[in-house]
Amino acid sequence: MRMKLFSVAVMMFSIAYFAEAQELRDISLPVPKTDGGKPLMQTLKERQTSRAYSPKKLPLQLVSDLLWAADGINRANSGKRTAPSTMNWQEIDIYVVLEDGAFLFDAKKNSLKAVSKQDLRKMTGTQDFVPTAPINLVFVADTAKMKGVSSDDQILYAGADVGFISQNVYLFCASEGLATVVRGLIGDKKALADALKLSDGKKIILAQTVGYPAN
Ligand SMILES: Cc1cc2nc3c(=O)[nH]c(=O)nc-3n(C[C@H](O)[C@H](O)[C@H](O)COP(=O)(O)O)c2cc1C
């Protein structure tokens, strides 16, 4: 009897595990479009924070372009990125939180690695537009890559490195007529870290909402 119960439990666990695994799919991003856009001075004139979003989803091409602008590889030979990073640590991970699930941007593979099939958007912020905006980026510092500095300096440099990425997102959005806001107001960072399955040493720094402007 005990053996039978054990087998049933193993079977149920396996079904649940494989159902979960099947539903979590990585997404291969289209090659980013790295030409065009508005001239830099025009883009700077239009850079701004917006807090009203349409729920309309962005096409995958635009998501790919956005992530390349944010922190993609712009020099294939060295693997260096569109944003500078302290000592070239490249320690900032970008989590892409969508209605369909949460993903980790992999700049090398130009893909989104599936992290959670849940809609975690509301966990990324406390402001009213956050749960319905199509994209919330979460910038996470991998402190294991930040060698040889104090923990205070790790936070300082992570903040600076996220700032560059965030500004790239602001400029991309200004160029493409998208709305964005970088956010310190995240809410329960511990709960979000758990939902994103962050290991120890991975610290949530800031979030950034992106979408089409409302109306
Ligand atoms: C580090 C940082 C954190 C911010 N956090 C928030 C936030 O949590 N929520 C928000 O609505 N705006 C936030 N902002 C946006 C600022 O309020 C905004 O940049 C400022 O009002 C100036 O407006 P502008 O970006 O249009 O020039 C933040 C900006 C920075 C740089």
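The structure this text deals with has already been given above.
First things first, this report covers the structure right here in the doc. Residue numbers run consecutively from 1 along every chain, following the written order of its sequence. With the structure being a predicted model, the display of local features is reserved for residues of pLDDT at least 70 and the display and counting of side-chain atom pairs for 80 or more, all residues being used for whole-chain, interface and lining totals.

1. Side note on the site of the ligand
Move 1: As a rule, any residue with its backbone-derived C-beta atom within 6 Å of a molecule or strand is reported as near that molecule or strand. In the vicinity of the ligand, the contacting residues are Gln48, Thr49, Arg51, Gln127, Val181, Val182, Arg183, Gly184, Leu185 and Leu206.
Move 2: A run of H or I in DSSP counts as a helix once it spans at least four residues, and a run of E counts as a strand once it spans at least two, with each numbered from the N terminus. No other element matches strand E8 (residues 179-183), which puts 3 residues into the shell around the ligand.
Move 3: When residues are sorted by character, Ala, Val, Leu, Ile, Met, Phe, Trp, Tyr, Cys and Pro go into the nonpolar class, Asp, Glu, Lys and Arg into the charged class, and all the rest, Gly among them, into the polar class. Counted by class, the shell around the ligand contains 4 nonpolar, 4 polar and 2 charged residues.

2. Observations concerning the nonpolar core
Move 1: For the purposes of this analysis, a nonpolar core is taken to be any set of buried Ala, Val, Leu, Ile, Met, Phe, Trp, Tyr and Cys residues that are connected through C-beta atoms within 7 Å. Three classes are used. A residue is buried when 20 or more other C-beta atoms lie within 10 Å of its own, exposed when 12 or fewer do, and partly exposed in between, with C-beta atoms placed from the backbone. Counting 49 residues, the largest nonpolar core has Ile94, Tyr95, Val96, Leu137, Val138, Phe139 and Val169 as the members making the most contacts within it.
Move 2: Going through the elements one at a time, helix H3 (60-71), strand E4 (92-98), strand E5 (101-106), strand E6 (111-116), strand E7 (135-142), helix H4 (151-176) and strand E9 (202-211) are the ones with two or more residues in this core.
Move 3: C-beta atoms are placed from the backbone for every residue, and two residues are taken to be in contact when these atoms lie within 7 Å. What Tyr95 contacts, discounting residues up to four positions off in sequence, is Ala102, Leu104, Val115, Leu137, Val138, Val140 and Leu196.

3. Here's the deal with the pairing of E4
Move 1: Of all 7 residues making up E4, 6 are buried, and the element is well covered by its neighbours.
Move 2: The pairing criterion for strands is at least two bridges between them, as found by DSSP. In this sheet, E7 lies alongside E4 in antiparallel orientation, the contact comprising 6 bridges. Across the sheet, the residue bridging to Asp93 is Val140, located in E7.
Move 3: Counting the residues that bridge the hairpin from E4 to E5 gives 2 residues.

4. Observations concerning H4
Move 1: To estimate the expected span of a helix, subtract one from its residue number and multiply by 1.5 Å. The end-to-end C-alpha separation of H4 is 37 Å, in line with the 38 Å expected for 26 residues at 1.5 Å each.
Move 2: Gly177, located one to two residues past H4, shows a positive phi value of around 75°.

5. A short note on the sheet that holds E6
Within a sheet, neighbouring strands are paired by backbone hydrogen bonds and run either parallel or antiparallel to one another.
Move 1: With antiparallel pairing, 7 strands are arranged side by side in an open sheet as E1-E6-E5-E4-E7-E9-E8. Among the strands making up the open sheet, the edge pair consists of strand E1 (27-28) and E8.
Move 2: With 8 bridges connecting them, E7 and E9 associate as antiparallel partners. Looking at E9, one finds that Val138 is bridged to Ala207.
Move 3: Orientation is described by lines fitted to C-alpha atoms, with helices fitted over the stretch in contact, and by angles between N-to-C directions that extend from 0 to 180 degrees. H3 contacts E4, E5 and E9 of the sheet and is inclined by roughly 155° relative to E4.
Move 4: Helix-sheet contacts for H4 involve E4, E7, E8 and E9, and the interaxial angle to E9 is about 10°.

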